[in-house]
Amino acid sequence: MSTAGGGRRRQAQVSRRISFSASHRLYSAALGGGPRAPERHRGGAGVVLTSASGGIDPATGMVMNLADLKKYMEEAIMQPLDHKNLDMDVPYFADVVSTTENVAVYIWDNLQKVLPVGVLYKVKVYETDNNIVVYKGE
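This one's a predicted model, so the numbers in the text were calculated from it and none came from an experiment.

Asker: Residue-level account of the packing of aromatic side chains, with values.
Answerer: Throughout the structure, instances matching the rule amount to four aromatic pairs. For the pair tyrosine 92 and phenylalanine 93, a centre-to-centre distance of 5.0 Å together with 85° between the ring planes defines the contact as edge-to-face. By relative accessible area, tyrosine 92 is classed as partly exposed at 30%. Measuring from ring centre to ring centre gives 5.5 Å for phenylalanine 93 and tyrosine 106, while their planes differ by 45°; the resulting arrangement is tilted. Of this pair, phenylalanine 93 sits in the loop between helix H2 (86-89) and helix H3 (100-114) while tyrosine 106 sits in helix H3, placing them 13 residues apart in sequence. Residue classification places phenylalanine 93 among the buried positions, given a relative accessible area of 3%.

Pasting the structure below:
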């Protein structure tokens, strides 16, 4: 089977969405609070969109099997974060403020450990419909 485009593989991105529930607090002395400053507690659902990028395999017609991506996301996102207090139950956040930006970095790092090398393109974390963080490992 030949590939279009002069013999090179066509590139594509595939994405899968997953939702998790977690609570966390937004506290840091650097954010203008002391030990007695009120903490901002948040709880609720987060939505994560994980995108993988690569060549479309001529035999399968896929960048990667979305069932495999789902399995990787369960391992890297759901197991460590779902129904957890991020600050108390996830060791990474013991010394890192659990902002949505840092949650995106944490998810990226976890996905890098389980996905095939070089396929992770971006992680998009929806804190709300209006508050979204995109992280590409930079």
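Asker: Summarise the pairing of strand S4 (residues 120-126); cite the residues concerned and give the values.
Answerer: Summarising the sheet, S4 and strand S5 (residues 132-135) pair through four bridges and their orientation is antiparallel. Looking across to S5, one finds that lysine 124 is bridged to valine 134. Following S4, the chain reverses through five residues before pairing antiparallel with S5.

Asker: Could you give an account of helix H1 (residues 66-81), naming the residues involved and the relevant values?
Answerer: Here H1 spans 21 Å end to end across 16 residues, near enough to the 22 Å set by a 1.5 Å rise per residue. Bending of H1 peaks at approximately 40° at the position of glutamate 74. The opening residue of H1, the one whose side-chain oxygen lies 2.7 Å from the backbone nitrogen of alanine 67, is asparagine 65. Two residues or fewer after H1 comes histidine 83, characterised by a positive phi angle close to 60°.

Asker: So what's going on with the confidence of the model for the protein chain? Residues and values would help.
Answerer: Within the protein chain, residue pLDDT values average 86, and 80% of them lie at 70 or more. Low pLDDT, under 50, characterises residues 35-39; the stretch is placed with three contacts to residues that sit more than four places away or in other chains.

Asker: Describe the side chain of serine 98, and please don't skip the residues or the numbers.
Answerer: Structurally, serine 98 is set in the loop between H2 and H3. Reaching out from serine 98, the side chain makes a polar contact with the side chain of aspartate 87 at a distance of 3.0 Å.

Asker: Hey, could you go over H3 for me, with residue numbers and the actual values?
Answerer: Its 15 residues place the ends of H3 21 Å apart at the C-alpha level, agreeing with the 21 Å of an ideal helix rising 1.5 Å per residue. Those residues of H3 lying buried are Thr100, Val103, Ala104, Val105, Tyr106, Ile107, Trp108, Asn110, Leu111 and Val114.

Asker: Tell me about the nonpolar core, and name the residues and values.
Answerer: If you look at the biggest cluster of nonpolar residues, it comprises 33 residues, and the most contacted ones within it are Ile77, Ile107 and Leu111. Mapped onto this core, the elements with two or more residues apiece are strand S1 (11-26), strand S2 (40-55), H1, H3, S4 and S5. At eight residues, the largest contribution of residues to this core is made by H3. Leaving out residues up to four positions away in the same chain, isoleucine 77 has contacts with Ile18, Phe20, Val48, Thr50, Asp82, Ile107 and Leu111.

Parameters at a glance
- Residues numbered from 1 in each chain as written.
- Predicted model: local features only at pLDDT ≥ 70, side-chain atom pairs only at ≥ 80, totals over all residues.
- Heavy atoms only, no water.
- Phe/Tyr/Trp six-rings, centres within 6.5 Å; stacked < 30°, edge-to-face > 60°.
- Buried < 20%, exposed > 50% of the residue type's maximum accessible area, 1.4 Å probe, protein only.
- Helix = DSSP H or I, 4+ residues; strand = E, 2+ residues; numbered from the N terminus.
- Pairing = 2+ DSSP bridges.
- Expected span 1.5 Å × (residues − 1).
- Bend = angle between axes of the 7 residues up to and from the residue.
- Polar contact = N/O pair within 3.5 Å; in protein donor to acceptor, adjacent residues only side chain to side chain.
- pLDDT = per-residue confidence, 0-100.
- Contact = heavy atoms within 4.5 Å.
- Core = buried A, V, L, I, M, F, W, Y, C linked by side-chain atoms within 4.5 Å.

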